[in-house]
Amino acid sequence: MIAAQIRDGAISAEAVVTGFLDRIARINPQVNAFTDVTAERALGRARSIDAARIAGKTLGPLAGVPFAAKNLFDIEGLPTRAGSKINRERAPAPRDAVLIERLSAAGSVLVGGLNMGEYAYDFTGENAHDGACRNPHDLARMAGGSSSGSGSATAAGLAPLSLGSDTNGSIRVPSSLCGVFGLKPTYGRLPRTRSFPFCDSLDHLGPFARDVTDLAMAYDAMLGGDAHDRACAQRVVEPVLPTLTHGVSGLRIAVAGGYFATDGMPEADAAVKAVAGALGATRNLVLEGAGIARAAAFLITNAESAAFHLDRLRARADDFDPETRDRFLAGAMQPAAWYIQAQAARRWFHDEMMRVFADVDLIIAPATPCPAPEIGQKTLSLRGETVPLRPNLGLFTQPISCVGLPVAAVPVFGAGLPIGVQVIAAPWREDVCLRAAYALQLAAVCVAKAPEL
C-alpha cells in the first residue's frame, strides 16, 4: 500500500519516512526496540526516491517502505554490536549486509538497527547491555528473542518490515509473543553475508511483517544466491508472490501431535485449533524423534557458538552477560563425541521428516507454549511441571530449526495476548507456507492487531 501510493504520487517517500521516524521517537522509549536510528540516511534515501519519481523513473516494488534490521546485520557506518558490549567497540561496518542491500535496491528505506539478545543466544529479549525489549501489547511482558527488537518494532508499527535471524526459533518466538507474521526460510535460502554469526550450521535470516503480502514482497526482494556465504544454496530465484493468492485447496495438511501436543497449554491449544479449522486440517500425525532433534540442536548450538566465541571468552569474560557466558562456557567443555552424535541424530531426523513430507504438504504446530511471559520471569508451568522459562520458549521451534525447514509464524489473538502457530513445509517450499498464511489472514483467523500505545 505504501509503495503503491508513493509510485502514484499520492504521498511522498519523505513524508512516509518522516512519519515513521516521528513514531519511533515517540514510542521507542516505551518498547526499547531500536538501538540505533539512521534518520539522516533514511531521509536522504526517501528524498532520492521522490526525485526519481518526479523524473519519471521506475520505482522498486518496496519504494519508500521503511524497514529496520536486528543489530547483528552490518549497517554501513555503525559497529555491528550483535547485542553485545564487546562488539560495540568494533569499527563501523564499511558496507551493509547483503539482505539490507537487496531490500534497499527494491526501494525500501532503512530506519535503524534493532535490539536483540546478546550474540543471539536468547529467547526472552532481556538484553543486559541495552535493556529489555518490551512487548507492545503489554509493556510489562517480554518481546521474545533473540530478534526481540524485530518483533517489537514491527508489532508497534515502528516499521512495516524488519529483519531478524533464527537459529533455534529467534524469528518465530518474537513473532508469536508480539503477534506478527514471521518467515524462517529454508536453511541456505537467503544469504547471511555480512551478518554476525551465532551457529553457522543452524543460522537463518528472514523477515517480519504485519501483513503477509508485505512479508512475501520482502522475501522475494531478498532472494538469490551469494558466493560469500558457503551455506547459501545456488538455486534459481523462486518468488512466492505469483502463487500467494492460490489458497490451500488440494494441499495435504496435518496437525503435529505427540511432542507438539498442546495439552495443558490453553492458549496454544486454542490457536492451533483455530488455524487447523481454517485450513481444513483434520489429520493428526506424530513427528517421531522431535525431542531428539531438539536435544541435537542444543548440543550443536553450544559447541559451534562456544568455538566461535572462545577468544572473546578468554580475553573478556567479564564483559558478557553472565547467563550468556555460562552457556558458551558449557559448550566449550562439551565432549566432541556429543557433537558428532548430535549431527548424526540431525541427519536421522531430517530423513524422518522427508518421509513425512512424502505424504503431507503442510504441518501445523504451536510456536510457543504460552503467550508473552512477564519480564524477569524465570520459570514456566508446563504440563503440570515447573520448568526453566528461557530454554522452553523454544520448545516447539528447535526441532524444526535443527533440519532447516521453512516456517511461517502466524499470529492468533484470543481474549488477551497473542500467540503464534507454526505453518511448516518441506524444504524450498516457502510458497506453500505463505499461501497458508495469506489464506489465514484473508479469513481473519491470523491477523496482526495494532497495540494501544
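Description of the structure in this document. (Residues numbered from 1 in each chain as written. Predicted model: local features only at pLDDT ≥ 70, side-chain atom pairs only at ≥ 80, totals over all residues. Heavy atoms only, no water.)

**Quick word on the sheet that holds strand β9 (residues 181-184)**
For clarity, the threshold we go by: In this scheme, strands are said to pair when DSSP sees at least two bridges between them. Put simply, DSSP H or I for four residues or longer makes a helix, DSSP E for two residues or longer makes a strand, and each gets a number counted from the N terminus. Axis angles are defined between N-to-C directions and span 0 to 180 degrees, where every axis is a line fitted to C-alpha atoms and, for a helix, only to the segment in contact. The contact rule is simple, with two residues in contact once any of their heavy atoms fall within 4.5 Å.
What the 11 strands build is an open sheet, ordered β1-β3-β2-β8-β10-β9-β16-β17-β13-β11-β12; its pairing is mixed. Of all strands in the sheet, those bounded by a partner on one side alone are β1 (34-37) and β12 (283-286). Taking the axes of each pair of neighbouring strands and ignoring which way they run, one obtains an average angle of 30° across the sheet. Two strands pair when backbone bridges link them, and strand β13 (residues 362-366) and strand β17 (residues 418-425) are joined in this way by 5 bridges, in the antiparallel orientation. Bridged to A365 within β17 is Q422. Packed on one face of the sheet, helix α3 (residues 39-54) meets β1 and β3 (109-114) and runs near 165° to β3. The sheet contacts of helix α8 (residues 266-279) involve β11 (253-257), β13, β16 (407-413) and β17, and relative to β13 the element is tilted by about 160°.

**Looking at the layout of surface pockets**
Rolled over the atoms, a probe as big as a water molecule pinpoints where empty space is left. Just so we agree on the cut-off: Residues are called lining when one of their atoms sits within 4 Å of a cavity or pocket point, these points coming from a 1 Å grid over the protein atoms alone, where a cavity is a set in which a 1.4 Å probe fits but cannot get out and a pocket is an open set with protein on both sides within 12 Å along at least five of seven lines. Grid points are joined across faces, edges and corners, and a volume is the space filled by probe spheres set on the points.
A volume near 280 Å³ is recorded for the largest pocket. Forming the walls of the largest pocket are 17 residues, and the residues nearest its centre are M1, I2, V65, P160 and D214. Of all elements in the fold, only α1 (2-8) and α7 (212-222) reach the threshold of two or more residues within the lining of the largest pocket. When residues of the lining of the largest pocket are assigned to their parent elements, the largest contribution, 4 residues, is made by α1.

**Some details on the environment of M217**
Its location among the elements puts M217 in helix α7. Through-space distance from the C-alpha of M217 to that of A156 is 20 Å; in sequence the pair is 61 residues apart. Apart from the residues lying within four places of it in its own chain, the contact partners of M217 are P61, L62 and L241.

**Here we look at the packing of aromatic side chains**
Worth spelling out the cut-off: Pairing of aromatic rings covers Phe, Tyr and the six-membered ring of Trp, with a centre-to-centre limit of 6.5 Å; geometry is then stacked below 30 degrees between planes, edge-to-face above 60, and tilted otherwise. For every residue, the accessible area (1.4 Å probe, protein chains only) is compared with the maximum for its type, and the residue is labelled buried under 20%, exposed over 50%, or partly exposed between those bounds. Any Lys NZ or Arg CZ found within 6 Å of a ring centre and within 35 degrees of that ring's normal is scored as a charge over the ring.
This model, assessed by the stated rule, comprises 10 aromatic pairs. When the ring of F320 is compared with that of F328, the centres are 6.0 Å apart and the planes differ by 75°; the resulting orientation is edge-to-face. The exposure class assigned to F328 is buried, which follows from its relative accessible area of 0%. Among the aromatic residues, ring-to-ring pairing joins Y119, Y121, F196, F198, F308, F320 and F328 into one connected group. The ring of F308 carries the charged tip of R312 above its face, separated from the ring centre by 5.0 Å. When the ring centre of Y121 is taken as reference, the NZ or CZ atom of R327 above it lies at 4.8 Å.

**Description of the pairing of β3**
Counted only if it meets this: Looking down the strands as they point away from you, a crossover is right-handed if its path from the first strand over the helix to the second goes clockwise.
Most of β3 sits out of view: 6 of its 6 residues are buried. As paired elements, strand β2 (residues 66-70) and β3 share 5 bridges and run parallel to each other. Of the residues in β3, the one forming a bridge with A68 is G112. Handedness of the crossover joining β2 and β3 through helix α4 (residues 98-105) is recorded here as right-handed.

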